[in-house]
Amino acid sequence: MEPLAYKIRPKSFDDIVGQDHLVGPKGVIRKMLDQNKLFSLILYGPAGCGKTSIAEIIASYFPLTSFSFNASCDTKSKLKEISDCANLYPNIICIIDEIHRMKKDVQDYLLPFIESGKLTIVGLTTENPYRCVNPAIRSRCHIYRMNEIKEDDIILLLKKTIESQKFNQLSDDILKYIAVASSCEIRTALNMLEITTMLDKDDLTLENVMQLIGKKAFLIDEKGENFYDVASAMIKSIRGSDPDAALHYLARLLQTEDLEFIVRRLLCSMYEDIGLGNPACGPRVYAACKSALMLGLPEARLPLAYAIVDLATSPKSNSTYLGINQAIEDLANLKSMKIPPHILNKELKSGKYEYKYPHDYKNGYVKQQYLPDELINKVYYTPKDTGSYEKAIKEFLKKLKDD
């Protein structure tokens, strides 16, 4: 039996949800195809956000010269068959699913075809390509992030589907439940909608739908509270040094059984909110998170609770968080800035400039310029007084400045 999600798979960009920046009327991919052009690109984003649908619509523009390759299971020989076609026909398109899993030898084989323009690839991945895709492949592609699908987008899609498929109408609380329980994944939401058709019209209550779906992918209490609101409340409780509230929200999140999400949030909180206020907390929280993933539920609650209390009761400092954000902002807003020539190896070798090796000086320190000229005297890192460790850093930096 054909699943609903497959049956109503988008046939045009107008049917794509939540990705107007790419395929809307002014979207970059739509503009490429309207001009009969397509450059190699990589689409990345969470599962169920429409990557495969967009790729298939792109392929429909090139029905005779488009191919698919799954990096997790297809072999190099299949890619060779595709590349052989690139020697015979212009404008060969290859959609590479799970491109982050592509083996290095396969990537190396692919490079000259992409470089020459004989082969145009559309890579799809749930991972960050800046971290997991070979730089040589990455540099030859335009990289676009897919938006996370919003709850309102899912609800609107469900309503349209109900109307087009002539399903029984669902109440707003049921639609909201499906949107949140599906983690706003389009495919999952449609699968959940399809299973509700097993219920008669008079039985379409929230309680019956929850029992039928049988999934607690995301926490919803009797008020229909959003999963991400609970996660945000946990982090804000940690930031506010309230271990009791943080444990309460952890207990809610544990009902989702999504340990990886919880662990990511705790590690992020450590480096955003505690930072150098209590640097010894970092390794402890990391070890607790690793233990939670190894133990699994229900035992994972023990190291996670340990980490929560450790974070919430630690001195707080967001100094490094503020520093890197300001540095990134300056990088985006300022023109190209040259590295001071005396700290470049090539200038050092020429003897034109003198780099002072700090270890040759008293206390391992010597004053010299490291920042580009445009940023002289710029301060990104300002120590806080919330913890003894960062107080010591403050004194150390002050001493260097005063000497």
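Since the model is a prediction, treat every value here as computed from it, not as a measurement.

Comments concerning the overall build of the protein
Within the protein, the regular secondary structure consists of 20 helices and 5 strands. Relative to its 403 residues, the protein shows a buried fraction of 41%. As presented, the protein carries roughly 23400 Å² of accessible surface, and 53% of it is formed by carbon and sulfur atoms. A distance of 7 Å separates the average location of the 53 positive side-chain charges in the protein from that of its 53 negative side-chain charges.

Describing the pairing of strand 2 (residues 66-70)
For strand 2 and strand 3 (residues 92-97), the ladder comprises 5 bridges, and the chain directions are parallel. If you follow phenylalanine 69 over to strand 3, its bridge partner there is isoleucine 96.

Points about the pattern of salt bridges
What the rule picks out here adds up to 13 salt bridges. Between lysine 78 and aspartate 74 there is a salt bridge, with its nearest N and O atoms 3.3 Å apart. Of the residues examined, lysine 78 reaches a relative accessible area of 31% and is grouped as partly exposed.

Some points on the packing of helix 10 (residues 172-181) against helix 12 (residues 206-213)
Packed helices, taken two at a time, are described by their axes: the angle between them and the distance between them. At their nearest, the axes of helix 10 and helix 12 sit 9 Å apart, and the two run at 25° to each other. The orientation of helix 10 with respect to helix 12, classified from their angle, is roughly parallel. The way helix 10 lies across helix 12 gives a crossing that is right-handed. For the pair helix 10 and helix 12, the contacting residues are Asp173, Ile174, Tyr177 and Ile178 in the first and Leu206, Val209, Met210 and Ile213 in the second. Across the contact of helix 10 with helix 12, the residue classes tally to 7 nonpolar, no polar and 1 charged.

Considerations on helix 15 (residues 259-274)
Taking 1.5 Å of rise per residue, 16 residues should cover 22 Å, and helix 15 covers 21 Å from first to last C-alpha, within 8% of that figure. Residues of helix 15 that are buried: Leu259, Phe261, Ile262, Val263, Leu266, Ser269, Met270, Glu272, Asp273 and Ile274. The inward-facing, buried residues of helix 15 abut helix 13 (227-239), helix 14 (243-254), helix 16 (281-295), helix 17 (301-312) and helix 18 (319-333). Positive backbone phi, approximately 50°, marks glycine 275, located one or two places after helix 15.

As for unusual backbone geometry
At the junction of leucine 297 and proline 298, the peptide bond is cis and its omega measures out at 5° in the coordinates. Along the chain, proline 298 turns up in the loop between helix 16 and helix 17. Unusually for a residue other than glycine, glutamate 98 sits at a positive phi of about 55°. Structurally, the position occupied by glutamate 98 is in the loop between strand 3 and helix 6 (104-116).

Conventions used here
- Residues numbered from 1 in each chain as written.
- Predicted model: local features only at pLDDT ≥ 70, side-chain atom pairs only at ≥ 80, totals over all residues.
- Heavy atoms only, no water.
- Helix = DSSP H or I, 4+ residues; strand = E, 2+ residues; numbered from the N terminus.
- Buried < 20%, exposed > 50% of the residue type's maximum accessible area, 1.4 Å probe, protein only.
- Areas by Shrake-Rupley, 256 points an atom, 1.4 Å probe, with all protein chains shown as cover.
- Lys, Arg positive; Asp, Glu negative; His and termini not counted.
- Charge placed at Lys NZ, Arg CZ, Asp CG, Glu CD.
- Pairing = 2+ DSSP bridges.
- Salt bridge = Lys/Arg side-chain N within 4 Å of Asp/Glu carboxyl O.
- Axes fitted to C-alpha atoms, helices over the stretch in contact; angles between N-to-C directions.
- Parallel < 35°, antiparallel > 145°, perpendicular 65-115°, else oblique.
- Left-handed = near helix turned anticlockwise from the far one by under 90°.
- Contact = heavy atoms within 4.5 Å.
- Nonpolar A, V, L, I, M, F, W, Y, C, P; charged D, E, K, R; others polar.
- Expected span 1.5 Å × (residues − 1).

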